[in-house]
Amino acid sequence: VGAIATLATVLIRYGVPNLPADAHASPMRELGALLRPQVWLTLAIAGIGFGGMFCVFSYIKPTLIEVSGFGLAQMPMVLSLFGLGGVAGNLVGARLADPALMPTIGGALNHSAFNFVNAIGAWLGGLAIAAGWGWASLGSAGVLLAISGLAVFGVSLVLQPGATGRTVTVLR
């Protein structure tokens with residue numbers, strides 16, 4: 001890990017252009033993005049939609065053992081497949097997003113939304129289990145959260161000023 005981090009540091013140092021800072025940049029100007037509803041909708045899409053994944057993944061081991069019948073010895077293989085699926089999804093998703101990538105998305109806030117929903121998804125999964133609904137309920141809860149994230153995306157599209165049928169820009 002240390003070697004990879006060192007390599008990444010060297011590549012960033014020599015691969016990223018050294019550009020002068022924007023004279024008009026300031027923390028308050030950046031926080032001004034929070035006044036736009038589209039920013040909050042984007043964060044909600046990430047938060048609610050991925051809450052479903054975290055709801056299920058937080059309890060993946062007992063769910064796979066109790067519901068799907070996997071053995072403890074099979075967990076590394078199943079988790080590896082989950083990870084490979086995530087990597088493949090990121091690669092494919094990035095290629096699909098590149099042609100219509102939004103100019104700005106409040107990257108740090110989006111990452112914060114993911115971290116926040118990691119805890120919320122696990123908490124909601126715990127509530128479902130504590131309510132006695134069983135391990136299998138986690139999949140349903142996850143799907144419901146993912147669909148809710150898509151619904152927020154639909155609201156975002158409807159509320160986007162100047163959106164056309166061909167090209168939709170979620171943030172300006």
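This text goes with the structure placed above it.
In this report, we go over the structure that sits alongside the text. (Residues numbered from 1 in each chain as written. Predicted model: local features only at pLDDT ≥ 70, side-chain atom pairs only at ≥ 80, totals over all residues. Heavy atoms only, no water.)

## A word on the overall build of the protein chain
Threshold: Counting from the N terminus, the helices are DSSP H or I runs at least four residues long and the strands are E runs at least two residues long. Burial here depends on accessible area, computed with a 1.4 Å probe over protein chains only, as a share of the maximum for the residue type. Under 20% is buried, over 50% is exposed, and the range in between is partly exposed. Surface accessibility follows the Shrake-Rupley procedure with a 1.4 Å probe radius. Residue values consider only the protein chains on display as shielding.
Looking only at helices and strands, the protein chain has seven helices and zero strands in total. Traced from its N-terminal end to its C-terminal end, the protein chain shows the element sequence α-α-α-α-α-α-α. A total of 172 residues make up the protein chain; the buried ones form 20% of that total. Of the roughly 11,900 Å² of accessible surface on the protein chain, 72% is carried by carbon and sulfur atoms.

## As for helix H1 (residues 2–15)
Formally: Helices are assigned an expected span. That span is 1.5 Å times one less than the residue count.
Under the 1.5 Å per step criterion, the end-to-end length of H1 is 19 Å for 14 residues, consistent within 8% with the ideal 20 Å. Within H1, only zero of the 14 residues are buried, leaving the element largely exposed.

## Details of helix H7 (residues 137–159)
In an α-helix, one turn spans 3.6 residues, which is why side chains three or four residues apart end up on the same side. With 23 residues, H7 should cover 33 Å at 1.5 Å per step; its first-to-last C-alpha distance of 33 Å lies within 8% of that length. When we look at burial in H7, the residues that qualify are Ser 137, Leu 138, Gly 142, Leu 145, Gly 149, Val 152 and Ser 156.

## Focus on the packing of aromatic side chains
Spelled out, the test is: For this analysis, a ring pair means two rings from Phe, Tyr or Trp (six-membered ring only for Trp) whose centres lie within 6.5 Å, classed as stacked if their planes differ by under 30 degrees, edge-to-face if by over 60, and tilted for the remaining angles.
Applying the stated criterion across every chain, the model contains two aromatic pairs. On the numbers, 4.7 Å between centres and 20 degrees between planes, the contact of Phe 57 with Phe 82 is stacked. Of this pair, Phe 57 sits in helix H3 (residues 37–57) while Phe 82 sits in helix H5 (residues 75–97); the two residues are 25 residues apart in sequence, bridging distant segments of the chain. Taking relative accessible area as the criterion, Phe 57 reaches 34% and is therefore assigned partly exposed. Judged by its relative accessible area of 39%, Phe 82 falls in the partly exposed class. When the centroid spacing of 6.3 Å and the interplanar angle of 45 degrees are considered together, the rings of Tyr 59 and Trp 135 count as tilted. In this pair, Tyr 59 sits in the loop between H3 and helix H4 (60–66) while Trp 135 sits in the loop between helix H6 (107–130) and H7, placing the two residues 76 residues apart along the sequence.

## Some points on the side chain of Thr 63
How we decide: Should any heavy atoms of two residues lie within 4.5 Å, those residues are considered in contact.
Mapped onto the elements of the fold, Thr 63 is located in helix H4. Overall, Thr 63 belongs to the buried group, its relative accessible area being 12%. Aside from chain neighbours lying at most four places away, what touches Thr 63 is Ser 68, Trp 135 and Leu 138.

By themselves, these observations are geometric and do not establish any function.
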